[in-house]
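If you want the building blocks of each chain, they are given just below.
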Amino acid sequence: MSFKLTSVFEPKGDQIQAIEKLSSGLEQGLKHQTLLGVTGSGKTFTIANVIQKVKRPTLVISHNKTLAAQLYSEFKAFFPENAVEYFVSYYDYYQPEAYIPQTDTYIEKDASINEEINRMRLSATRSLFERRDVIVVASVSCIYGIGSPQEWHDMSFLLRKGEESPRKKILSRLVDMQYERNDLDFSTGKFRARGDTIEVFPSYASTGVRIELFGDEIERISEFDPLTGKTLLEKDALVVYPAKHFVMPQEKINQAIESIEDELKERLQELKRTGKILEAARLEQRTKFDVEMMHEIGYCQGIENYSRHMDGRKAGEPAYTLIDYFPEDFLIVIDESHVTIPQIRGMQAGDHARKESLVDYGFRMPSAYDNRPLTFDEFSERVNQVLYVSATPADYEIARSAQVVEQIIRPTGLVDPEIAIKPITGQIDDLIGEIHAKTAKKFRVLVTTLTKRMAEDLTEYLLGVGIKARYMHSEIETLERIEIIRSLRLGEFDVLVGINLLREGLDLPEVALVAVLDADKEGFLRSDRSLLQTIGRTSRNIEGRVVMYADRMTGSMQRAIDETNRRREKQIEYNKEHNITPQTIRKAVEPRAIIEEAPPREEIFNYIVELEAQMHRAAKNQEFEKAAKIRDRIAALRKEM
């Protein structure tokens, strides 16, 4: 099936040539291309058009779960008839296993799995086996091991109406695929059997499957609503996939157990030879318990640490990841590549560092190292063709790309802001004047500083002269940051002072001024890319303006200013040529997630039940900040009980 893009919009401005150039480059076999698109230019719409033209299964990688959810929603709206899937970490809460030798503290793995996201992860791999019109929007969790695609596919089984398939055989296969029998609690990953009727709730689906037998013959296969039991659709055939990604037949588990026992024997000898008797005893006890569990039920807690043995890989070989589920001609799109690429590059080193003490002190065998994310080189080897998408692509993307396609013109007609340079001497007094000029028109202001202390001191000073201001830096909790930004947009205060938190991902059309203090202090916070991202915060307001306070012109400042002016000239010329009048973007402010007032003490229990329902709905809709805020509210209320 081909991709079918559904939208009320048609490509405009630079989108037309960007779509043509990128599509042509892919058809010519160019491995690396970059889309340099300014903030608000409709980069996602451009990529959607490219996907429709080239007709390839596509993996879109974002650098965090929230932005991935936003991209997923956009692609889902663009391609309602195609398989748009979502693949991010399925943990609502995750505390990795660790050991701190200095205090002899072992921290056991603790995690809370979001069943809805787990369903979506399994749905993604199922879709990749069944069709080609697939877009998977993922975070960098897509480079972590999830089990062999061949084993996962081989463990599935096909049911056909009219075929002979004894009841006992079907039930046995379901158990082998890690489905749990439960006749009372019918939820994802479970099945129940009542006479000649077997009902399965696949882990990757939102509907149940009913298999009705007449003797050993499959008489009827249907999908049904798990809540009402109503039949939704009758089928002639059905493929049931395993309930988990880490799953394999018992004979292969037995082979893996032999390999685990061989490694355990070698490791115990090594530990005892070096005098680590306690570590050897600890490792033997833990590993033998895991082996016993695998023998009995085919699974154990932390089975991923034995993935090398399960997959039959050699030491050091990479694990299977989501990328291995894609066909060879797939396309990768890396969103905000200047942030996502460094994140992919650093994952494996961080994972190895954490496991080092676990292996050295007998909590895990060395094979645990091989349950890891891909190294950057391994990731690069698996890339077929890739599109880097960013307003400020890094040197890596530029150097690798056979072509860099610019998307400078915004469909809204908005142009990049004017930039003024003012001396540092008297910068605070001048800033106050600039703030008054903008707040008089009901606009908001962002001020960037170099240190937390300066952000706090400046906020205190502005409050002292009657300006409603707040600060935001890394010590402010994530959920509090969301509330601060919301309050700024609502006009509860006028000036937000921050450091590096005012760059990617902030959509603030009310902001008409960004002030950059000490702009001539070269470094990461004042690099040309950081400055361009900061300048972009005012590009959604027709009266957007940037003031840089500096006593000298640095190379980074000059490059950022030159690039902004180049874009601005091109945008103004296009608007004149096409008689376009720019207008400030209007965007509604999201309502608060929950009511902050606590209910009377006798009503707290009922209130918690209501909040839990809200939390699960928010998580299901990928509104993760909202879900986390409700979760924290529930925890606070439970303390009051």
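Residues numbered from 1 in each chain as written. Predicted model: local features only at pLDDT ≥ 70, side-chain atom pairs only at ≥ 80, totals over all residues. Heavy atoms only, no water.

### Considering the overall build of the chain
Turning to step 1, where the next piece is worked out: When helices and strands are tallied, the chain shows 19 helices and 25 strands.
Turning to step 2, where the next piece is worked out: Over its C-alpha atoms the chain spans a radius of gyration of 28 Å, differing by no more than 12% from the 26 Å that the globule rule assigns to 641 residues.
Turning to step 3, where the next piece is worked out: Taking the principal axes of the C-alpha coordinates as reference, the chain spans close to 85 × 60 × 60 Å.
Turning to step 4, where the next piece is worked out: When the 641 residues of the chain are sorted by exposure, 53% land in the buried category.
Turning to step 5, where the next piece is worked out: Long-range pairs, those at least 24 residues apart, make up 74% of the contacts in the chain with a sequence separation of at least 6.
Turning to step 6, where the next piece is worked out: Counting every atom, the chain has about 29,700 Å² of accessible surface; 50% of that belongs to carbon and sulfur.
Turning to step 7, where the next piece is worked out: Averaging the coordinates of the 89 positive side-chain charges in the chain and doing the same for the 103 negative ones gives two points 2 Å apart. (Helix = DSSP H or I, 4+ residues; strand = E, 2+ residues; numbered from the N terminus. Rg over C-alpha atoms; globule rule 2.2 N^0.38 Å. Buried < 20%, exposed > 50% of the residue type's maximum accessible area, 1.4 Å probe, protein only. Contact = heavy atoms within 4.5 Å. Areas by Shrake-Rupley, 256 points an atom, 1.4 Å probe, with all protein chains shown as cover. Lys, Arg positive; Asp, Glu negative; His and termini not counted. Charge placed at Lys NZ, Arg CZ, Asp CG, Glu CD.)

### Quick word on the nonpolar core
The nonpolar side chains of soluble globular proteins are, as a tendency, buried together.
Turning to step 1, where the next piece is worked out: Counting 55 residues, the largest nonpolar core has L59, L174, L322 and F379 as its most contacted members.
Turning to step 2, where the next piece is worked out: A domain-level breakdown of this core finds at least three residues from each of domain 1 (14–149 + 306–389) and domain 2 (157–240).
Turning to step 3, where the next piece is worked out: By size, the runner-up hydrophobic cluster in this structure holds 33 residues, among which are A18, A48, Y86 and V405. (Core = buried A, V, L, I, M, F, W, Y, C linked by side-chain atoms within 4.5 Å. Domains from an automatic or database assignment.)

### Examining the packing of helix α1 (residues 14–27) against helix α2 (residues 43–54)
Turning to step 1, where the next piece is worked out: Between α1 and α2, the shortest axis-to-axis distance is 9 Å and the interhelical angle comes to 40°. As the angle between them shows, α1 and α2 are arranged oblique. When the axes of α1 and α2 are compared, the crossing they make is right-handed. Counting all contacts with α1, which are made through Q15, A18, I19, E20, L22, S23, L26 and E27, the residues of α2 involved are F45, T46, N49, V50, K53 and V54.
Turning to step 2, where the next piece is worked out: Residue classes in the contact of α1 with α2 are distributed as 7 nonpolar, 4 polar and 3 charged. (Axes fitted to C-alpha atoms, helices over the stretch in contact; angles between N-to-C directions. Parallel < 35°, antiparallel > 145°, perpendicular 65-115°, else oblique. Left-handed = near helix turned anticlockwise from the far one by under 90°. Nonpolar A, V, L, I, M, F, W, Y, C, P; charged D, E, K, R; others polar.)

### Focus: the layout of surface pockets
Turning to step 1, where the next piece is worked out: Computed from the structure, the second largest pocket encloses a volume of approximately 470 Å³.
Turning to step 2, where the next piece is worked out: Only α3 (65–78), β3 (83–87), α4 (115–130) and β16 (237–240) provide two or more residues apiece to the lining of the second largest pocket.
Turning to step 3, where the next piece is worked out: By residue class, the composition of the lining of the second largest pocket is 13 nonpolar, 5 polar and 8 charged.
Turning to step 4, where the next piece is worked out: Two domains each provide a minimum of three residues to the lining of the second largest pocket, namely domain 1 (14–149 + 306–389) and domain 2 (157–240). (1 Å grid on protein atoms, 1.4 Å probe; cavity = no way out; pocket = protein on both sides within 12 Å on 5 of 7 lines; lining within 4 Å. Points joined across faces, edges and corners; volume = space filled by probe spheres on them.)

### Notes on the sheet that holds strand β21 (residues 444–448)
Turning to step 1, where the next piece is worked out: With respect to topology, 6 strands assemble into an open sheet ordered β20-β25-β24-β21-β23-β22, the strand pairing being parallel. At either margin of the open sheet sits one strand with a lone partner, and together these are β20 (418–422) and β22 (469–472). Each strand of the sheet is rotated relative to its neighbour by a mean of 20°, with strand direction disregarded.
Turning to step 2, where the next piece is worked out: In this sheet, strand β23 (residues 495–498) lies alongside β22 in parallel orientation, the contact comprising 4 bridges. (Pairing = 2+ DSSP bridges.)

### Quick look at the packing of helix α7 (residues 250–273) against helix α8 (residues 277–297)
Turning to step 1, where the next piece is worked out: Interaxial distance between α7 and α8 falls to 10 Å at its minimum, and their mutual angle equals 175°. The angle between the axes of α7 and α8 places the two elements in the roughly antiparallel class. Where α7 approaches α8, its residues Q250, I253, N254, I257, I260, E261, L264, R267, L268, L271 and K272 are matched on the opposing element by I277, E279, A280, L283, E284, T287, K288, V291, M294 and H295.
Turning to step 2, where the next piece is worked out: Here the contact of α7 with α8 is composed, by residue class, of 11 nonpolar, 4 polar and 6 charged.

### Some details on the packing of aromatic side chains
Pairs of aromatic rings are described using the distance from one ring centre to the other and the angle between the two planes.
Turning to step 1, where the next piece is worked out: Following the criterion strictly, the structure yields 18 aromatic pairs and no others.
Turning to step 2, where the next piece is worked out: Arranged with centres 5.8 Å apart and planes meeting at 65°, the rings of F129 and Y325 form a pair that is edge-to-face. Of this pair, F129 sits in helix α4 while Y325 sits in the loop between α9 (307–311) and β17 (331–335), placing them 196 residues apart in sequence.
Turning to step 3, where the next piece is worked out: For F129, a relative accessible area of 29% puts it in the partly exposed group.
Turning to step 4, where the next piece is worked out: It is R345 that lies over the ring of F376; its NZ or CZ is 4.2 Å from the centre. (Phe/Tyr/Trp six-rings, centres within 6.5 Å; stacked < 30°, edge-to-face > 60°. Lys NZ or Arg CZ within 6 Å of the ring centre and 35° of its normal.)

### Here we look at the environment of V38
Turning to step 1, where the next piece is worked out: Along the chain, V38 falls in the loop between β1 (32–37) and α2.
Turning to step 2, where the next piece is worked out: C-alpha of V38 to C-alpha of L532: the two residues are 494 residues apart in sequence and 9.6 Å apart in space.

### Side note on the environment of K422
Turning to step 1, where the next piece is worked out: Among the structural elements, K422 can be located in strand β20.
Turning to step 2, where the next piece is worked out: With near-sequence residues (within four places) excluded, K422 lies in contact with D430, E434, R545, V547, M548, Y549 and A550.
Turning to step 3, where the next piece is worked out: A distance of 2.7 Å separates a polar atom in the side chain of K422 from a polar atom in the side chain of E434. (Polar contact = N/O pair within 3.5 Å; in protein donor to acceptor, adjacent residues only side chain to side chain.)

### What to know about the pattern of salt bridges
Turning to step 1, where the next piece is worked out: In the structure shown here, the tally under the stated rule is 42 salt bridges.
Turning to step 2, where the next piece is worked out: When the shortest N-O distance is used, the salt bridge between D351 and R354 registers 3.4 Å. A residue pair is termed a helical-turn pair when its members lie 3 or 4 positions apart in one helix, as D351 and R354 do in helix α10 (residues 337–360) at 3 residues.
Turning to step 3, where the next piece is worked out: Residue R354 is classed as partly exposed on the basis of its relative accessible area of 23%.
Turning to step 4, where the next piece is worked out: Of the charged contacts in the structure, one is a salt bridge between E543 and K441, with a shortest N-O distance of 3.1 Å. Here E543 is found in the loop between α16 (528–535) and β25 (545–549), whereas its partner K441 is found in the loop between α13 (427–439) and β21, with 102 residues between them in sequence.
Turning to step 5, where the next piece is worked out: Judged by its relative accessible area of 48%, K441 falls in the partly exposed class.
Turning to step 6, where the next piece is worked out: Several salt bridges share partner residues, and in doing so they unite E97, R286, D290 and R364 into one network. (Salt bridge = Lys/Arg side-chain N within 4 Å of Asp/Glu carboxyl O.)

### Some points on the pairing of β17
Turning to step 1, where the next piece is worked out: Among the 5 residues that make up β17, 5 are buried, leaving the element largely enclosed by the rest of the structure.
Turning to step 2, where the next piece is worked out: Burial along β17 is two-sided: L331, V333 and D335 facing one way and I332 and I334 facing the other are all buried.
Turning to step 3, where the next piece is worked out: Alignment of strand β2 (residues 58–61) against β17, held across 4 bridges, turns out to be parallel. Looking at the pairing, T58 lines up with L331 of β17.
Turning to step 4, where the next piece is worked out: Where β17 lies against strand β18 (residues 385–390), 5 bridges are found, and the strand directions are parallel. For D335, the partnering residue across the bridge sits in β18 and is V389.

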